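Working through the structure, step by step
Listed here are the chains, written in short residue letters.
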Amino acid sequence: MSPDQQPIIGESAAFLEILEEVSRAAVLNRPVLIVGERGTGKELIAERLHFLSTRWDQPLVKMNCAAISETLLESELFGHEAGAFTDAARRRQGRFELADGGTLFLDELATTSMNIQEKILRVIEYGQFERLGSSRTISVDVRVIGATNEDLPALAGKGRFRADLLDRLAFDVVTLPPLRERREDIMPLAEHFAIRMTRELGREIFPGFSSAARQLLLDHAWPGNIRELKNVVERAIYRHPDDDQPVGGIQFDPFDSPWRPSNKPQETIPTQPADTLPDDLRAYLDQVEKETVLKALDASNGNQAGAARALGLTYNQLRGIMRKHGIKSG
Ligand SMILES: Nc1ncnc2c1ncn2[C@@H]1O[C@H](COP(=O)(O)OP(=O)(O)OP(=O)(O)O)[C@@H](O)[C@H]1O
Ligand SMILES: [Mg+2]
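Just so we're clear, the structure is a prediction, and the values are computed from it rather than from any experiment. (Residues numbered from 1 in each chain as written. Chains lettered and ligands numbered in written order. Predicted model: local features only at pLDDT ≥ 70, side-chain atom pairs only at ≥ 80, totals over all residues.)

Side note on the site of ligand 1
Neighbouring residues of ligand 1: 17 residues in total, closest Ile 9, Arg 38, Gly 41, Lys 42 and Glu 43. Partitioned by chemical class, the residues of the shell around ligand 1 number five nonpolar, seven polar and five charged. Taken together, domain 1 (13–177) and domain 2 (184–239) each give at least three residues to the shell around ligand 1, which thus spans both. (Near = placed C-beta within 6 Å. Nonpolar A, V, L, I, M, F, W, Y, C, P; charged D, E, K, R; others polar. Domains from an automatic or database assignment.)

See below:
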């Protein structure tokens, strides 16, 4: 394993199948497209594809296509001559040139313009391009690995992604399963990140997770996938007092706080017209109470602890009010 390679953790059948597919695809000199939700390990898999390929001792160059404007991206990819555009003071090599002989990882490929897609296609097909501001054709030998968390065939159907580029890239498509679809991988990954963080903090041993903590980790939906798991675990280790007790404090949302500023406008209680009085104050207040609780439950997606917090109630107080008004959970 090369020193800049990260260990890849996972033992679920779904994930092992992906690793096999990656090993097979790696040795072919063809483009590969990696598809997956955010945080599923697309970049890690791209690195694996490179280091298992015959190009492993050649450069692996990465470019996030979403981070910059179109002109800048074009010059980052293909390079430019001096004066090709404002700010282009000196001639500069692009990433395709830097990756010559090796691999170019194009992250967030779906965000590129049609114009850039056309140029990428030409490099994939003929290995040729021109620097911005130059008519001299440059030839390179670069293997392209693309990544996206979008549905490229759907984008191509809407005319927002070039179908011919998609065809070329889709020679091999590796689709990474989200973490919630491979729960067997949660604890091995969590322990791996926990041990690494323990070491980073200079502590002696990782005391393991408490059984309540394990259950929380296993039950969470992980919308941010492995990156989210890594953050949650590292935070839990970092906050854990350095002793022999198992790690128990799991916080999924670091912004979770009773003092969290809210963008919600101040609640407006449905009022009677100013000059009339409710003819039954108790019934009126009951109605307001019920509507307010329903609104809070709605805003917290049915999460009762969250709704209670938002209303300044304890969980049991909220449950009491829900019972009183016959509001069902979930
Ligand atoms: N199987 C794995 N084993 C160990 N670590 C992993 C694994 N998969 C992902 N990671 C780690 O999780 C984090 C996110 O992975 P990565 O950056 O590759 O995801 P991504 O799919 O590119 O995310 P995004 O779409 O947000 O860019 C990284 O720190 C990576 O090292
Ligand atoms: Mg990424």
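What to know about helix α5 (residues 114–126)
The end-to-end C-alpha distance of α5 is 18 Å, a good match for the 18 Å that 13 residues give at a rise of 1.5 Å each. Burial in α5 covers these residues: Ile 116, Gln 117, Ile 120 and Val 123. Projected onto a plane normal to the axis of α5, the buried residues spread over an arc of 120° and lie on a single side. Projecting away from the buried face of α5 at angles above 90 degrees are the exposed residues Met 114, Asn 115, Glu 125 and Tyr 126. Looking at the buried side of α5, the elements it contacts are α3 (70–78), α4 (95–98), β4 (128–130), β6 (143–148) and α7 (163–169). Gly 127, located one to two residues past α5, shows a positive phi value of around 65°. (Helix = DSSP H or I, 4+ residues; strand = E, 2+ residues; numbered from the N terminus. Expected span 1.5 Å × (residues − 1). Buried ≥ 20, exposed ≤ 12 C-beta atoms within 10 Å, placed from the backbone. Arc of directions from axis to C-beta. Contact = placed C-beta atoms within 7 Å.)

With respect to the domain arrangement of the protein chain
Its domain assignment divides the protein chain into domain 1 (13–177), domain 2 (184–239) and domain 3 (266–330). The distance between the C-alpha centroids of domain 2 and domain 3 comes to 37 Å.

A closer look at the pairing of strand β1 (residues 32–35)
Of the pairings in the sheet, the one linking β1 to β6 comprises four bridges and is parallel in character. If you follow Val 35 over to β6, its bridge partner there is Thr 148. Note that β1 and strand β7 (residues 172–175) share four bridges and pair parallel. Following the sheet pairing, Leu 33 is matched in β7 by Val 173. (Pairing = 2+ DSSP bridges.)

What about the nonpolar core?
In terms of nonpolar packing, the biggest core is built from 36 residues, with Ile 34, Leu 49, Phe 96, Leu 104 and Val 174 touching the most fellow members. Ranked by residue count, the leading element in this core is helix α1 (residues 13–26), at five residues. Setting aside chain neighbours within four positions, we find Val 174 in contact with Ile 18, Glu 21, Val 22, Ala 25, Val 32, Ile 34 and Ile 45. Membership of the second largest hydrophobic core comes to 17 residues, among which are Leu 179, Leu 189, Ala 194 and Val 247. (Core = buried A, V, L, I, M, F, W, Y, C linked by C-beta atoms within 7 Å.)

Details of the sheet that holds β6
Pairing within the open sheet is parallel, and its five strands lie in the order β2-β3-β6-β1-β7. The open sheet terminates on both sides in strands that have one partner only, identified here as β2 (60–64) and β7. Along the sheet, successive strands turn relative to each other by an average axial angle of 20°, direction set aside. Docked against the sheet, α1 engages β1 and β7, running at close to 155° with respect to β7. (Axes fitted to C-alpha atoms, helices over the stretch in contact; angles between N-to-C directions.)

Describing unusual backbone geometry
Residues other than glycine seldom take positive phi values, yet Glu 108 does so here, at roughly 55°. Within the secondary structure layout, Glu 108 lies in the loop between β3 (103–107) and α5. For Glu 108, a count of 17 C-beta atoms within 10 Å corresponds to the partly exposed category. Of note, the phi angle at Trp 222 is positive, near 50°, even though the residue is not glycine. Relative to the assigned elements, Trp 222 resides in the loop between α9 (211–219) and α10 (225–239).

Considering the packing of helix α8 (residues 186–200) against α10
Angle between the axes and distance between the axes are the two parameters that describe a pair of packed helices. Look at α8 against α10: their axes get within 9 Å of each other, and the N-to-C directions meet at 45°. As summarised for this structure, α8 and α10 are arranged oblique, according to the angle between their axes. As α8 runs across α10, the sense of the crossing is right-handed. Along its contact with α8, which presents Ile 186, Leu 189, Ala 190, Phe 193, Ala 194, Met 197 and Thr 198, the element α10 presents Ile 226, Leu 229, Lys 230, Val 233, Glu 234, Ile 237 and Tyr 238. For the contact of α8 with α10, the residue count by class is 11 nonpolar, one polar and two charged. (Parallel < 35°, antiparallel > 145°, perpendicular 65-115°, else oblique. Left-handed = near helix turned anticlockwise from the far one by under 90°.)

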